[in-house]
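Geometric and topological summary
Listed here are the chains, written in short residue letters.
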Amino acid sequence: MMAALRTPRGLATVVILLVLAVLPLLTQAFDQRYLLSIGTRIVIWAIAAVSLNMILGYGGLVSFGHAVFFGIGGYAVGILDAHGVSSGWIQWPVGVAMAALWAALVGALSLRTRGVYFIMITLAFAQLLYYVGVGLEAYGADDGLNISRSRFAGLVDLRDKASFYWLCFALLAATLWFCSRFANARFGFVIRGAKSNDLRMTALGFPVFRYRLAAFTISGAFGGLAGILLANEGAYISPAMMSWVKSGDLIVIVVLGGMGTLFGPLFGTIAFFVLEESLPPVLNLVQKGWGEYWQIVFGPMLVLIALYARGGIDSLFGRRHG
Amino acid sequence: MDYLLLQVLNGVQLGLLMFLLAAGLTLTFCIMDLVNLAHGSLYMMGAYIAWTLIGWTDSFVIGAILALPATFLLGVVVEAVVMRRLYARDHLDQVLATFGLILFFNELVRVIWGPAGKSIAVPQFLSHTVEILPGLPYPAYRVAIIAVGAVVAALLAWLVARTRVGMLIRAGASNRRMIAALGINIELLFSLVFGLGAVFAALAGLMAAPLTSVKIGMGDDILILAFVIIVIGGIGSIKGAFVAAMVVGQIDIVGRAFLPDFLKTFMSSAAASSAAPAISQVLVYVVMAGVLIWRPTGLFGQRT
């Protein structure tokens, strides 16, 4: 722990985690409730980004449909709620299991293909569920559905913003812990090895397809968890949760933060939300009214990141050792 | 029976528009090895530029014809400024950069043309109907789309199969480095192919405009459908893109037209008519999954 503080990377990570851990106290002290809601979304999106990083960053598999798991988790909560099942003890496991099941199904099909086919197939399967969501007239179709938050009787009240935030933060910490175990286990090394050379891994006797399928499924399950939280955060679900733009945003976040690094996705999520919240006011300072068009600056920034900043924010802290 | 024929024609028309979009996408992919998500933005820009030019010239045909070189120019500029730097990069960089371009173009349109959608009127001389069979009227404008689409598809097939440029394109698709080593100006070829793709996308966009509307993000959803088409057809195959576009066009239109009646047999009519478009979209993806299980590189893709 103390050793980690001596490197800039470790110091930054510890500071960020500490600030996140006490964020509800800070926002209360400075009376900035709006910041807590952004903070909650940052933590939830970070869970999704960490889960995408498992396959995109460590595995080198460009999955362009990760937001679909937002939708699966969200709709599991919403649909069960609409049928009177409001207990989180039922909703949450169902949501995670559904996301894992869908990931296993899509993975079994898409992992047979390579490169650009994989990108497009993951995208297409996400679109498939998106259109299913649009067609679900009983659950609000295009307009979405207001839901009531999951109930954990006596344990935690999700309507309380601070408790909900701390629950999300605890789950983010658990996700990060899992990811660090994943990355350093034999399982993770096979996935990382297959990224640089899957033929060699196959030749070494590893069933690469099965390893990748397992990683894809795990990643989907954590994505579903993020979806469950997202639905509870807004008490609202809609097909827009799984639109392909959201999948693109998740890829942006992972690359922005630093692919294949443990805390990169967290840095990326924070940077993404800070940019999204701060670009409009900054542009408004330059010329009143420009803030509305912030994406005209953000778009070219992505191009520049893709061209010149592959290591992401994590690489700003210097090269990793070991 | 007549109703079926009309829907099949609508499907052919949609398929041809999709083919124009997919052709550019598949060419840029197989020759430059580029995943271009921003191809849909060129479709949108084509429609918006055409809207402006039609307003200036007060003529659909002149405006549309002028919009084509304009988008060619836009395509060449985009290629020179951004795309050229991406050819040697991996697919993730390309996805990220072209995703950024989509955001840029959507916002640019909002700045220039405002947030409200625009509409392009069907040109006067095509606003009547023609009898394609005795007693069976069909909008002349849709006939014109089918005609133009078919001619352009034939031109493209001729260009790729029979001309010197087409020969270079095919050679570039099989081995880029080799044709550069043989002294061909490969940068010029890449610009040309990208510009050509932009023109096809713009043509599809401006022809579709009078049927739908010109709006921000109009290219994004249709782009994903174009991706599905080139995946079904096999990436890099013009023939595959054509076949798959026709299949997808039929599924989409015929599904929309006949699913409601079918669904009404076991659900309420309101639910049936709202579920049908979504189900026909879903069907497209189911077909894609089926094709990929059967042939992981698409119908006409190269086996690896």
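Residues numbered from 1 in each chain as written. Chains lettered and ligands numbered in written order. Predicted model: local features only at pLDDT ≥ 70, side-chain atom pairs only at ≥ 80, totals over all residues.

With that settled, consider the overall build of chain A. The number of helices and strands found in chain A is 13 helices and two strands. Taking 2.2 N^0.38 as the reference for a compact globule, 322 residues should give roughly 20 Å; the C-alpha atoms of chain A span a radius of gyration of 20 Å, in line with that estimate. Expressed as lengths along the three principal axes of its C-alpha atoms, the size of chain A is roughly 55 × 45 × 40 Å. A burial count over chain A gives 49% of its 322 residues as buried. Within chain A, residue pairs in contact and separated by at least 24 positions form 75% of the contacts whose partners lie at least 6 positions apart. (Helix = DSSP H or I, 4+ residues; strand = E, 2+ residues; numbered from the N terminus. Rg over C-alpha atoms; globule rule 2.2 N^0.38 Å. Buried ≥ 20, exposed ≤ 12 C-beta atoms within 10 Å, placed from the backbone. Contact = placed C-beta atoms within 7 Å.)

Further remarks concern the overall build of chain B. For chain B, the count of helices and strands is 11 helices and two strands. Taking the principal axes of its C-alpha atoms as reference, chain B extends roughly 60 × 50 × 35 Å. Long-range contacts, defined as pairs at least 24 residues apart, comprise 75% of the intrachain contacts of chain B with a sequence gap of at least 6.

Counting residues at the interface gives 39 residues for chain A and 38 residues for chain B. If you list the elements that add at least two residues to the side of chain A that touches chain B, you get α6 (115-135), α11 (244-257) and α13 (295-308) of chain A. With 15 residues, the single largest contributor to the side of chain A that touches chain B is α6(A). In terms of residue class, the side of chain A that touches chain B is made up of 30 nonpolar, seven polar and two charged. (Nonpolar A, V, L, I, M, F, W, Y, C, P; charged D, E, K, R; others polar.)

Residues and elements named next belong to chain A. It is at 10 Å that the axes of helix α8 (residues 186-196) and helix α10 (residues 208-234) come closest, and there the two elements cross at 110 degrees. Classified by the interaxial angle, the pair formed by α8 and α10 is roughly perpendicular. The two elements α8 and α10 meet at a crossing, and its hand is left-handed. Touching Phe187, Val190, Ile191 and Ala194 of α8 are Val208, Tyr211, Arg212 and Ala215, all from α10. (Axes fitted to C-alpha atoms, helices over the stretch in contact; angles between N-to-C directions. Parallel < 35°, antiparallel > 145°, perpendicular 65-115°, else oblique. Left-handed = near helix turned anticlockwise from the far one by under 90°.)

A separate point is the nonpolar core. Membership of the largest hydrophobic core comes to 207 residues, with the highest contact counts inside it found for Ala124(A), Met18(B), Leu21(B), Ala22(B), Ala226(B), Val228(B) and Ile229(B). Among the elements that take part in this core, helix α1 (residues 2-32) of chain B stands out by supplying 16 residues, more than any other. (Core = buried A, V, L, I, M, F, W, Y, C linked by C-beta atoms within 7 Å.)

Moving on, we come to the environment of Ser63(A). Residue and element names in this part refer to chain A. Looking at the secondary structure, you find Ser63 in the loop between α3 (33-58) and α4 (68-82). Sequence separation of Ser63 and Arg33 is 30 residues, and the distance between their C-alpha atoms is 35 Å. Other than its neighbours up to four places away in sequence, Ser63 contacts Leu52, Ile55, Leu56 and Thr122.

To continue, consider unusual backbone geometry. Here Ala141(A), not a glycine, exhibits a phi torsion of approximately 45 degrees, which is positive. Inspection of the secondary structure assignment puts Ala141(A) in the loop between α6 and β1 (145-146). Given 17 C-beta atoms within 10 Å, Ala141(A) falls into the partly exposed group. We note that Asp33(B) has phi near 60 degrees; this positive angle belongs to a residue other than glycine. With respect to the secondary-structure elements, Asp33(B) resides in the loop between α1 and α2 (39-57). For Asp33(B), a count of 19 C-beta atoms within 10 Å gives the class partly exposed.

The α-helix winds at 3.6 residues per turn, so residues separated by three or four positions along the chain end up facing the same way. Between the first and last C-alpha of α13(A) there are 19 Å, a value that for 14 residues agrees with the 20 Å anticipated at 1.5 Å per step. All buried positions along α13(A) are accounted for by Gln295(A), Gly299(A), Leu302(A), Val303(A) and Ala306(A). Projected down its long axis, α13(A) shows its buried positions confined to an angular sector of 95 degrees, all on one face. Seen from the open side of α13(A), the exposed residues pointing more than 90 degrees away from its buried face are Leu304(A) and Tyr308(A). Buried positions along α13(A) lie against α11 of chain A together with α4 (91-113) of chain B. (Expected span 1.5 Å × (residues − 1). Arc of directions from axis to C-beta.)

These figures capture arrangement, not role.
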